[in-house]
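Structural overview
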Amino acid sequence: GLSALIAAICIAASTAAAPIEDACATGEVASCIAARGGERDEVQFMQERLALNSRLHRTQKADAHEAASDVRASQKLDSIDLSIVAATTTSTTTENADGLTLNGVGDLITLLSGLAMYGFMTICCVLFFSYARLSYPMIYTYNAMSGLVDPMPADTMWGWVRASMNVKVEEVIDSIGLDQAMMLEFSNMMMRILATIGIPMIFVIGPMNCAFGGNAAGEDHLSYLSFGNVEFYSWLYWVHAPCVWGVVFVVQINIFSAQRRFLHLRYEWLRKMAPRRANTIMVDNIPEEFRSDAKLGEFFERIIPGDNNVKVAHVTKDTTHLLHLVTELKQAEDELQKANGMFEKNKADGNGRRPRLGGICCGGRDVDSIDFYTKIIQDLRPKVEEERKRVLTEAEKVGGVNLNNGFVVFNDLTSAQVAVRLTGITEDYTDFIVEDPPEPLDIQWNDFTQDPTARQGRTILGYVLTAGLFLAYMPLVVTITNLAELVDLGPLDSVWESVAPTAGLQVMVAFLPTFLLAIYKNCFTLRAAAWAQHKLQSWYFWFQMMFVVLLAAVGTNVAAFTEALFTDPFSMFGVLADTMPYATHYYMNYLVLSWLSQSMVLTRYVVLSKFKFFSQIFEEEEARKWAEPEDQDYYGIGSRSAQWVTFAIVGIVYGTLSPPINFFCFITFALKRLYFGYLLVFAEGKKPDLGGVFWVMMLRHMFVGLLLYTILMTGVFYRRAANAGPMLIALPSIFYVIWSMQRFQSSFQWEKLPFKELTEESTMDAEKRTLDGRYLQPELIAS
């Protein structure tokens, strides 16, 4: 998350430069709120003020209709007290402890300053990457150099642009995996959605808001194309209401169309799956009488129709002591490799000095590193072989070192597919839980050796810690911010004052994926690193929804917002409508900031720095191995998937309230397609592949965002329209989205090949991928 922190400092500095003036309007209502405002934080204060303003206007609207039915309520309200709304919508941007800024006068200058600053820095990052790519092909073009992808990008400064744009998703699936390829497809889908929605929004709805909205924005020029310029009870809400259905249809149609295309890619991916993985099942909760390799294999041979179905079965073994010895041996071998690499480097430099080692590990003596680690390896290898032989001998008996899970490898795909779909194998539905296995090299074998009883306790603890992190998120943001504001940097204090107000938010945003993964890896049984990323994607998305998309509504009191959500869910219509329309400028800056953060990712500056360091010790090929991969907490596919969907939801949810957001969001995904079309294909190492699991979760999350959009817009029309008409037009879209979500879940059989596909020639004759590793604990494999 370092790039997020660095980029955040820039936006904080430009935001703090905006003029600050009092946002409170005079009048009885405002005075009442101001009297109570000292007891609340600024975001809650603004939320309460907006809510009371809305109630005031509804009361005034009713009075106006009763006094003169032939006079439009909005006209009468203009003469009563629309100054309160004007004061609210034209108030100056105000910085809060949670980093949120509300719309205000001067925001256009702030945005233009940000565009200039971030645009310049983005160009610098792109130029750096363009030059560095030619100087360090091991970091930026290795996949093409190693033959993983073809063709090699042109060896020119801008050759990477053409290479990225020429990437076809279906052509790179075998090279980078279906999961990574569908990230590019998600960018393509979002550009289509945003272009379809954004063009009429920007060139039709925006100008209508500007010309016929009633100039409610006043001097807030950035709101002229947005809802901020439309008066309460304007006839324009009758135009906006059908637009909600237009957005819903566009998003839904594109999601279903993209999923149908994915279905073909997924089936092709399954057909080409390496036999070692395709013909294997993972079995959990094996009854005690079947806990041996022979017994487990005999059982599945007996229940699957036909003869000679099972090739081999492996029950997980308790290898606690063996694993400890193997880990020590591996560490010693790694250190010996480093020492030899340093020695070779010294010889190449002409001095030939052998590396030395001293300190506690050597009893305070100064010893030769190569001799020291060589002796450790010589001592450990016989112990490892002896312990391995003992475990394998005891494993021949039922029970004992044999645990309650393992793998069964079949001789053909059909038998494996029949087995993986079995349920109710015994009278106890919890026995013989069968699943598709992850890639062998991605398996976290420690999770297989956990005590089942202790596993339940750790799982409960994991959920408790996740809930605690959720509730403590904003308090931690405020605490870090307050501590940051106490720091005195002397001459640099003026610069620090512009950064400190958002320090807490940026620290938490940067390290949240690390916190979540730490909880999941220590508390949940995940079995594979890719599955840990999938769990991170699911939970990180909900954190992003609460603390990014809904930040204006949540404020700093997460507990109060959550309580209101569950105890009075219908109040959410008003809460969202009274807060989120006044934070659109914040999300414009948020999207512009992402251009810089993405450009910093393009440079791969962390991986490059590690490569430069290890190049002082090893040859380039070995140095690259030590430098890769990029941080999988923040830049892994789980975190990336959640972040990308968050950007998409920001564009959809706020794109109608402020049409220019469609443009900024389109640019965001255009840059993602350009940058990651190169990074994922040519630069970053190949990751374990789950075959589109992350893609499906992203589309499900898109429906969550679409549901939020319909609830928000229904609430906005309820608060602002002169009558219930616009609200009633938008209201059914909520139920339509819910129906679409359910239909999406049930309409696509994507996880497994249909049985009719298993025996077709397209499956039997498909060119299979290769796969390294075995479904056997590595410490049991003799070196």
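I will try to describe carefully the structure that is included in this document. Position labels on residues start from 1 in each chain and follow its written sequence. The predicted nature of this model means local features are confined to residues of pLDDT at least 70 and side-chain atom pairs, given and counted, to a pLDDT of 80 or more, with totals for whole chains, interfaces and linings taken over all residues. The side-chain quantities take in all heavy atoms of the structure and omit both hydrogens and water.

Points about the overall build of the protein chain
When helices and strands are counted, the protein chain shows 35 helices and 6 strands. Here the term buried applies to any residue with accessible area under 20% of the maximum for its type, exposed to any over 50%, and partly exposed to those in between, with areas from a 1.4 Å probe on protein chains only. When each of the 783 residues of the protein chain is scored for burial, the buried share is 56%. Accessible area of the protein chain: about 33,500 Å², with a carbon and sulfur share of 60%. The helix count covers DSSP runs of H or I at least four residues long, the strand count covers runs of E at least two residues long, and both are numbered beginning at the N terminus. Here, Shrake-Rupley sampling with a 1.4 Å probe gives the accessible areas, and only protein chains in the shown set may cover a residue.

Comments concerning the nonpolar core
Membership of the largest hydrophobic core comes to 173 residues, with the highest contact counts inside it found for Phe-186, Met-190 and Tyr-587. The definition of a nonpolar core used throughout is a set of buried Ala, Val, Leu, Ile, Met, Phe, Trp, Tyr and Cys residues joined through side-chain atoms within 4.5 Å. Val-283, Phe-300, Val-408 and Val-434 belong to the second-largest nonpolar core, a separate cluster that totals 18 residues.

Digging into the packing of aromatic side chains
Note on aromatic contacts: the rings of Phe and Tyr and the six-membered ring of Trp form a pair at centre separations within 6.5 Å, being stacked when their planes are under 30 degrees apart, edge-to-face when over 60 apart, and tilted otherwise. If you walk through the whole model with that rule in mind, you get 57 aromatic pairs. Ring centres of Trp-644 and Phe-676 lie 5.1 Å apart, and the angle between their planes is 65°; this geometry places the pair in the edge-to-face category. Here the residue Trp-644 occupies a position in helix H29 (residues 637-655), and Phe-676 occupies one in helix H30 (residues 660-683), the gap between them amounting to 32 residues. For Phe-676, a relative accessible area of 4% translates into the label buried. Every member of this aromatic cluster is reached through a ring pair, and the members are Phe-129, Tyr-140, Trp-160, Tyr-675, Tyr-678 and Phe-682. By the criterion adopted, a ring carries a charge over it if an Arg CZ or a Lys NZ lies within 6 Å of its centre and within 35 degrees of its normal. Against the face of Phe-343 rests Arg-354, its NZ or CZ located 5.4 Å from the ring centre.

As for the pattern of salt bridges
For salt bridges, the criterion is a side-chain nitrogen of Lys or Arg within 4 Å of an Asp or Glu carboxyl oxygen. Enumeration over the complete set of coordinates arrives at 30 salt bridges. With its nearest N and O atoms 3.1 Å apart, the salt bridge here joins Arg-527 to Asp-284. Here Arg-527, found in the loop between helix H21 (503-523) and helix H22 (529-549), pairs with Asp-284, found in strand S1 (residues 280-284); they are 243 residues apart in sequence, far enough to count as distant. Judged by its relative accessible area of 9%, Asp-284 is buried. The salt bridge involving Glu-630 is made with Lys-687; its shortest N-O contact spans 2.9 Å. One end of the pair, Glu-630, is in the loop between helix H28 (620-627) and H29; the other, Lys-687, is in the loop between H30 and helix H31 (693-720), with 57 residues separating them in the sequence. Using a relative accessible area of 13% as the deciding quantity, one classes Lys-687 as buried. Put simply, Asp-174, Glu-268, Arg-271, Lys-272, Lys-756, Glu-757 and Arg-769 are held in one network by salt bridges that share partners.

Examining unusual backbone geometry
Note that the residue after Asp-150, namely Pro-151, is joined by a cis bond; omega there is 5°. Looking at where Pro-151 falls in the secondary structure, it is placed in the loop between helix H8 (142-145) and helix H9 (159-165). Look at the link from Glu-628 to Pro-629: it is a cis peptide, with omega at -5°. You can see Pro-629 is positioned in the loop between H28 and H29. Although it is not a glycine, Asn-215 sits at a positive phi angle of roughly 55°.

Things to note about the sheet that holds strand S2 (residues 310-317)
In short, DSSP must find at least two bridges between two strands for them to pair. Within the open sheet, the 4 strands sit side by side as S2-S5-S1-S6. Their pairing is antiparallel. In the strand order of this sheet, the two ends are held by S2 and strand S6 (433-435), each with one partner. The mean inter-strand angle of the sheet, taken between neighbouring strand axes irrespective of direction, is 25°. Bridge count between S1 and S6: 3 bridges; the pairing is antiparallel. Across the sheet, Met-282 pairs through a bridge with Glu-435, a residue of S6. Helix H17 (residues 413-420) contacts S1, strand S5 (402-410) and S6 of the sheet and is inclined by roughly 25° relative to S1. Orientation is described by axes fitted as lines to C-alpha atoms, over the contacting stretch for helices, and by angles from 0 to 180 degrees between their N-to-C directions. Throughout, a residue-residue contact means that at least one pair of heavy atoms, one from each residue, lies within 4.5 Å.

Re a nonpolar patch on the surface
A surface patch of nonpolar side chains, about 430 Å² in accessible area, is lined by Ile-123, Leu-127, Tyr-131 and Trp-158. Positionally, Tyr-131 belongs in helix H6 (residues 107-135). The exposure class assigned to Tyr-131 is exposed, which follows from its relative accessible area of 52%. Residues enter patches when their relative accessible area tops 30% and they take part in no salt bridge; the joining distance is 9 Å for like charges and 5 Å for the nonpolar side chains Val, Leu, Ile, Met, Phe, Trp and Tyr.

Section: the pairing of S5
The buried count for S5 comes to 9 of 9 residues, which makes it a mostly enclosed element. Examined bridge by bridge, S2 and S5 share 6 bridges and lie antiparallel to one another. In the strand pairing of S5, His-314 is matched with Phe-407.

With respect to the packing of H6 against helix H26 (residues 584-603)
Across the interface, H6 lies against H26 with an axial gap of 8 Å and an inter-helix angle of 10°. By the criterion of interaxial angle, the relationship of H6 to H26 is roughly parallel. Counted together, Asp-107, Thr-110, Leu-111, Gly-114, Leu-115, Tyr-118, Met-121, Thr-122, Cys-125, Val-126, Phe-128 and Phe-129 of H6 and His-585, Met-588, Asn-589, Val-592, Leu-593, Trp-595, Leu-596, Ser-599, Met-600, Leu-602 and Thr-603 of H26 form the full contact between these two elements. When describing relative orientation, an angle under 35 degrees is termed roughly parallel and one over 145 degrees roughly antiparallel, while 65 to 115 degrees is termed roughly perpendicular and anything else oblique.

Some points on the side chain of Ser-187
By secondary structure assignment, the location of Ser-187 is in helix H11 (residues 178-212). Residue contacts for Ser-187: discarding those within four places in its chain leaves Trp-644, Phe-669, Lys-672 and Arg-673.

A short note on the environment of Ala-217
Take Ala-217: it is sitting in the loop between H11 and helix H12 (237-271). A relative accessible area of 0% places Ala-217 in the buried class. Sequence spacing of Ala-217 and Gly-228 is 11 residues, and the spatial spacing of their C-alpha atoms is 5.5 Å.

Points about the state of the cysteines
Throughout, a disulfide means two cysteine sulfur atoms within 2.5 Å of one another. Counted according to the given criterion, the structure contains 0 disulfides. Not engaged in a disulfide, the cysteine Cys-124 finds its nearest cysteine sulfur in Cys-125; these two sulfurs lie 7.0 Å apart. Judged by relative accessible area, Cys-124 falls into the partly exposed class, the value being 36%.

A closer look at the side chain of Asp-368
Here Asp-368 lies in strand S4 (residues 367-368). Only 2.6 Å separates the side chain of Asp-368 from the side chain of Arg-354, close enough to count as a polar contact. Non-local contacts of Asp-368, meaning those with residues more than four positions away in its chain, are made with Arg-354, Pro-355 and Arg-356. Within 3.5 Å is the distance limit for a polar contact, defined as a pair of N or O atoms, with the added protein rule that one can donate a hydrogen and the other accept it, and that residues adjacent in sequence qualify only through two side-chain atoms.

Topic: the environment of Tyr-635
In this fold, Tyr-635 is placed in the loop between H28 and H29. For Tyr-635, a relative accessible area of 13% corresponds to the buried category. Tyr-635 sits 122 residues away from Pro-513 along the chain, and the two C-alpha atoms are 9.3 Å apart.

Focus on the packing of H31 against helix H33 (residues 732-747)
Between two packed helices, the angle of one axis relative to the other and the distance separating the axes together describe the packing. Running from N to C, H31 and H33 cross one another at 170°; their axes reach a closest spacing of 9 Å. Taken together, the axes of H31 and H33 lie roughly antiparallel to each other. Contact residues: Val-696, Leu-699, Arg-700, Phe-703, Val-704, Leu-706, Leu-707, Thr-710, Ile-711 and Thr-714 in H31; Ser-733, Ile-734, Val-737, Ile-738, Ser-740, Met-741, Phe-744 and Gln-745 in H33. Nonpolar residues are Ala, Val, Leu, Ile, Met, Phe, Trp, Tyr, Cys and Pro. Charged residues are Asp, Glu, Lys and Arg, and all others, Gly as well, are polar. In the contact of H31 with H33, the residues fall into 12 nonpolar, 5 polar and 1 charged.

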